[in-house]
Amino acid sequence: MKISVNRLRELVPTTMSTEELAQSLTMAGLEVEAIDTLAPQFSKVCVARIVSADPHPNAEKLRVCRVEVGGKDLLQIVCGAPNARVGLTVPCARVGAKLPGLEIRAAKLRGVESFGMLCSAAELGLSSDQSGLMELAPEAEPGVDIRQWLGLDDEILTLKVTPNRGDCLSYIGVARDFAAVTGLATAFDVSNPVEPTDLTLTVPVTISNREACGQYFGRVLTGLDINASSPEWLRRRLEQAGLRPISPLVDITNLVMIEIGQPMHAFDFSKLKGGIDVRFARAGEQLKLLTGVEAALDKDILAISDETGPIAAGGVMGGESTMCSVTTSNVFFEAAWFSPEAIRGKAKVLGVHSDAAYRFERGVDPSLARRAIEWATQLARDICGTSTTQIGPIIAARGSLPQNQVTQVRYKRVEHLIGMPIEVRTQIETLKRVGCQVDAMEAAMQVVAPSHRFDLGIEEDFIEEIARIHGYDRIPERLPESTLAMLPVPSSYTDPSTIKRMVARLGYHEVINYSFVDPEWEMDLCSNTGAVSLENPISSNMTVMRSSLVGGLIASLRYNLDQGESRVRLFEVGRCFVGSAADATVQPERLGLVAYGPRVPEQWGEGGQKGPRAEFFSVKGDLELLLGQRRIEFEPAIHPAFHPGRSASIRIEGHVAGVIGELHPRWVQKYSLRTAPILAEIGTGVISQGSKFRFADFSRMQRVRRDIALNFSESCSFASIRSAVWGMNIPVLCEFEPFDIYRGPSLPSGQKSVAFRVVMQDTERTLTDIDADLIVSKIIDVLGEKFGATIRK
């Protein structure tokens, strides 16, 4: 919304500077986004009228003009503009004038003296039009300063009006709010009703849908001057608001809209057939709009119709068949009130932008329609009237208008929500300043919002209005007072931020992906046919909620590879959604990892493209570091996303906590990856729980080591062996780790020999050889009993 500062000062007389005025509007909720000047600085430019325009004796394209600039003497100016002609009123820069980037001096052009310059709009910095001289209205008085005549010593405020403040999409609306905030008096123009003449012509109006159209006013005017043009002040007012002048009748309706906020339409009366019916469109009806768009009307679009069918889309735009043209002398003015619910979104459906729809969608004051008809009539008579002009009576049709609601506003509630004491009298006066009807009682007031405020409905709305007008900057800053109890936190707990820092220290970079994903990912990577679907997805390929982080990590990996990265380490912490749309109550938070490319960054010792690449055990080691002292087991598992022989489930304390593996070759090919990445996914809960810290004194006794080599079946895993040994609960056992695996012809088929390091230490005494041999013997017996292990010979 663009408004002129000078016009705002006419409506609300004030001595405030433009910056102070803008600050007041911003603090009132009407944010001023920009303050622009109408024209750059220039001086000594006045209105001039060309008295003669003779050909230049030495140049075919130049003319020697003599112009009137307000004195007795005429100025001689050489001009090359193609539209320079006798009687034309134009801007004239006199000798000594300073224009943007130019200073005017007396000069000789092809032997003829020139004392000034006749200017185009581009030369004054008013537009980019360089086609010819800027033509002014014929009534412009020669000698008058051009800045004064065009009102160029003005500034334009660009307001960011929120959707709930449709009442501020006009000069009157902004002025009314500005006056309420500052306490200044308004000086609104009062247009007197225009009495009809003897003309009895009317257009019968019927409202078939009373809820969508609350009222419809119209008036016929005949005998208007088809050669009339919009006066300079009207054109200038529209241009300041960002609108393009078109023709007098259209300009009048636009002026009424930007001044008081009531959209209007002007029909060519001679093109109307019969009466008007305001109804919803019927199946198959079409309308060619003013923009030339041939629109198919849905059944929920209001159609302003005559006997031939729709002639306008109610509240949006008129139709081409009944538009005013250069030959229009008889006009039918329309001003109506349409329900915001009936108009909302219809301009988008029709594929057009409409200033009228923009206002009706947000709510237009129902009391404005008749006033708009009266003012448009007065303007049309003054601008286009002739001796034969006739004015008909105002016709009115009524539908259902919104009823005034009475809301109780409690004085104590006002103070409680605003957070400061406000006198009852101040509360009442503040609401009256914004136009509310207030009936004060002992503990509360009964308030009725003005007809232009669609955003005031409940008690909190009126309290917010009191705070806004009273001034947000006057509300004291007070920190909230509260008592918080310190809750116990287990010493083993690790918060999410710490988990992220731990993963980052391992060389991974965090990514954040959408929780809604492509359903194809869910099918490919999770075999999930019952994913939680979205009712209103933001994209056609993001229609379900993720049940795994794997899909997003692969997409992030591909993006980084496309940017030229060769080594990628990414992680994500986020929630997944398990179940169907009806019972999607399980939303576990998980940590996802992906590793691709060389195992270590490129450097002189190792790494680079020729170095070892990330593999299953790389990511496995990272997980073991994250889980600290907790004993973690990896068991072979089948997962739809991973290679069937290179994936495992992650078990902690007997419970499955996640999965790790190499991406399945099928998905490597489908998602255009050169090699298979390693991925892992684990619940953050098991990482957060951590291990309980137990104090153990350092032993001063010497450690005892024994190495044993046992034969096992090839199918026997180290995880199961280690679990069996640690399950013996041998207090002095410190380490049990493999350090060699042998396969060869000396072993039976299907067998492998594993050498283990067994380290023992007691805190009370030094273990003897007998003690160590006894413990090793027990371990061999248990492994032999559970796995058929035999001592390698």
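In short, a report on the structure. (Residues numbered from 1 in each chain as written. Predicted model: local features only at pLDDT ≥ 70, side-chain atom pairs only at ≥ 80, totals over all residues. Heavy atoms only, no water.)

## So, helix 12 (residues 424–433)
Right, on to step 1. Among the residues of helix 12, Gln427, Ile428, Thr430 and Leu431 are the ones counted as buried. Taken end-on, helix 12 shows its buried residues confined to a sector of 160°, consistent with a single buried face.
Right, on to step 2. In this structure, the buried residues of helix 12 make contact with helix 11 (411–418), strand 25 (437–440), strand 26 (444–448) and helix 13 (459–470).
Right, on to step 3. Of the residues trailing helix 12, glycine 435 is marked for its positive phi of about 100°. (Buried < 20%, exposed > 50% of the residue type's maximum accessible area, 1.4 Å probe, protein only. Helix = DSSP H or I, 4+ residues; strand = E, 2+ residues; numbered from the N terminus. Arc of directions from axis to C-beta. Contact = heavy atoms within 4.5 Å.)

## Section: the nonpolar core
Right, on to step 1. The biggest cluster of nonpolar side chains holds 56 residues, and the ones touching the most others in it are Leu25 and Phe333.
Right, on to step 2. No other element matches the 10 residues that helix 10 (residues 368–384) contributes to this core.
Right, on to step 3. Grouped together as the second largest cluster of nonpolar side chains are 41 residues, Ala212, Val220, Ala336 and Val352 included. (Core = buried A, V, L, I, M, F, W, Y, C linked by side-chain atoms within 4.5 Å.)

## Topic: the environment of methionine 134
Right, on to step 1. Looking at the element boundaries, methionine 134 is found in the loop between strand 10 (117–118) and helix 3 (146–150).
Right, on to step 2. On the basis of relative accessible area, methionine 134 is assigned to the buried category, the value being 18%.
Right, on to step 3. In the structure, methionine 134 is positioned 152 residues away from glutamine 286 in sequence and 42 Å away in space, judged by C-alpha atoms.
Right, on to step 4. Filtering out sequence-adjacent residues up to four positions away, methionine 134 remains in contact with Thr89, Val90, Pro91, Cys119, Ser120, Ala121, Leu124, Leu126 and Leu150.

## What about the pairing of strand 32 (residues 632–636)?
Right, on to step 1. The pairing of strand 32 with strand 33 (residues 642–652) spans 5 bridges and is classified as antiparallel. Residue pairing in the sheet places glutamate 635 in a bridge with serine 649 of strand 33.
Right, on to step 2. The turn joining strand 32 and strand 33, which pair antiparallel and follow one another in sequence, is formed by 5 residues. (Pairing = 2+ DSSP bridges.)

## Regarding the environment of cysteine 384
Right, on to step 1. Residue placement: cysteine 384 occurs in helix 10.
Right, on to step 2. Placed 199 residues apart in sequence, cysteine 384 and alanine 185 show a C-alpha to C-alpha distance of 34 Å.
Right, on to step 3. Apart from the residues lying within four places of it in its own chain, the contact partners of cysteine 384 are Leu224, Asp225, Ala228, Pro248, Leu249, Leu379 and Thr389.

## Examining the sheet that holds strand 26
Right, on to step 1. Strands sit in the order 24-26-25 across an open sheet of 3 strands; the sheet is antiparallel. This sheet does not close on itself; its edge strands, each paired only once, are strand 24 (406–410) and strand 25. Here the strands of the sheet are splayed against their neighbours by 25° on average, with no regard to which way each runs.
Right, on to step 2. Sheet analysis places strand 24 next to strand 26, joined by 5 bridges and oriented antiparallel. Bridging across to strand 26, glutamine 408 finds its partner in glutamine 446.
Right, on to step 3. Its contacts with the sheet put helix 11 on strand 24, strand 25 and strand 26, and the angle it makes with strand 24 is roughly 65°. (Axes fitted to C-alpha atoms, helices over the stretch in contact; angles between N-to-C directions.)

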